[in-house]
Amino acid sequence: MPRKPECEPGSPEDLYRGAVGAIFRRIRTDHNWSLREFGERVGVAHTSLYAVERRDNTPGIDTLGRVAASIDLSLPAMLALVNEELIGDTASEPGSLASVIEAATGLTDQQRRELLSFVDYLRYRDAREAR
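Parameters at a glance
Residues numbered from 1 in each chain as written. Predicted model: local features only at pLDDT ≥ 70, side-chain atom pairs only at ≥ 80, totals over all residues. Heavy atoms only, no water. Helix = DSSP H or I, 4+ residues; strand = E, 2+ residues; numbered from the N terminus. Axes fitted to C-alpha atoms, helices over the stretch in contact; angles between N-to-C directions. Left-handed = near helix turned anticlockwise from the far one by under 90°. Contact = heavy atoms within 4.5 Å. Nonpolar A, V, L, I, M, F, W, Y, C, P; charged D, E, K, R; others polar. Phe/Tyr/Trp six-rings, centres within 6.5 Å; stacked < 30°, edge-to-face > 60°. Patch = residues over 30% accessible without salt bridge, like charges linked within 9 Å, V, L, I, M, F, W, Y side chains within 5 Å. Areas by Shrake-Rupley, 256 points an atom, 1.4 Å probe, with all protein chains shown as cover. Salt bridge = Lys/Arg side-chain N within 4 Å of Asp/Glu carboxyl O. Buried < 20%, exposed > 50% of the residue type's maximum accessible area, 1.4 Å probe, protein only. Arc of directions from axis to C-beta. Core = buried A, V, L, I, M, F, W, Y, C linked by side-chain atoms within 4.5 Å.

Our next topic: unusual backbone geometry. Here the phi dihedral of asparagine 32 falls at roughly 55 degrees; this positive angle occurs in a residue that is not glycine. Mapped onto the elements of the fold, asparagine 32 is located in the loop between helix H1 (12-30) and helix H2 (35-42).

Listed below in structure tokens is the structure:
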């Protein structure tokens, strides 16, 4: 990941860098990974990941996908985390989309299927109550 030039504070790129940097740091610390271990798991140089955490680099979609895969998330789920971070709804807030996505990363496939079934039930219940 080549070093990107400084970006204008408050620009979309600056906001994106900040959101992704915070997510990368949160993922790494939540899993108790050193920067080197994070890099090994992602398949990206740890120095590049550290530069993202510091807001010095703008990660591309490939890097986002690799980080997502390292914690068993899909790319759309990773992009949802970025979106949540951009709008200020962080994973530390119970009930946020980011907290739900991050909680699901440790589930088995069977547990995820059960979670999705429960989500379907909640939608059904709420639709019935709305009538």
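This part covers the packing of H1 against helix H5 (residues 75-87). Two elements in contact, H1 and H5, have axes whose closest approach is 9 Å; the angle formed by their N-to-C orientations is 115 degrees. Helix-helix and strand crossings are classified by hand; for H1 and H5 the assignment is right-handed. In contact with Leu15, Tyr16, Ala19, Val20, Ala22, Ile23, Arg26 and Ile27 of H1, H5 contributes Met78, Leu81, Val82, Glu85 and Leu86. Its residues assigned to classes, the contact of H1 with H5 comprises 11 nonpolar, no polar and two charged.

What follows covers the packing of aromatic side chains. Applying the stated criterion across every chain yields a total of three aromatic pairs. Three or more aromatic residues joined by ring pairs make a cluster, and in this case those are Phe24, Trp33 and Phe38.

Moving on, we come to a nonpolar patch on the surface. On the surface, Leu15, Leu86 and Ile87 cluster together into a nonpolar patch covering about 290 Å² of accessible area. Note on placement: leucine 86 falls in helix H5.

Another aspect to go through is H2. Within the sequence span of H2, burial applies to Leu35, Phe38, Gly39 and Val42. For H2, the angular spread of buried residues about the axis comes to 100 degrees, placing them on one side. Turned more than 90 degrees away from the buried face of H2, the exposed residues are Arg36 and Glu40. Considering only its buried residues, H2 is in contact with H1, helix H3 (46-53) and helix H4 (61-70). Of the residues trailing H2, glycine 43 is marked for its positive phi of about 85 degrees.

Let's shift gears to the pattern of salt bridges. If you walk through the whole model with that rule in mind, you get 11 salt bridges. The salt bridge involving glutamate 85 is made with arginine 26; its shortest N-O contact spans 3.2 Å. Of this pair, glutamate 85 sits in helix H5 while arginine 26 sits in helix H1; the two residues are 59 residues apart in sequence, bridging distant segments of the chain. With respect to burial, glutamate 85 and arginine 26 carry one shared label: buried. What you see here is one network of salt bridges that share partners, running through Arg25, Arg28 and Glu53.

A separate point is the nonpolar core. Formed by 22 residues in total, the largest nonpolar core has its most connected members in Phe24, Ile27, Phe38, Val67 and Met78. Taken together, the elements giving at least two residues each to this core come down to H1, H2, H3, H4 and H5. Excluding anything up to four places from it in sequence, isoleucine 27 contacts Trp33, Phe38, Val67, Ile71 and Met78.

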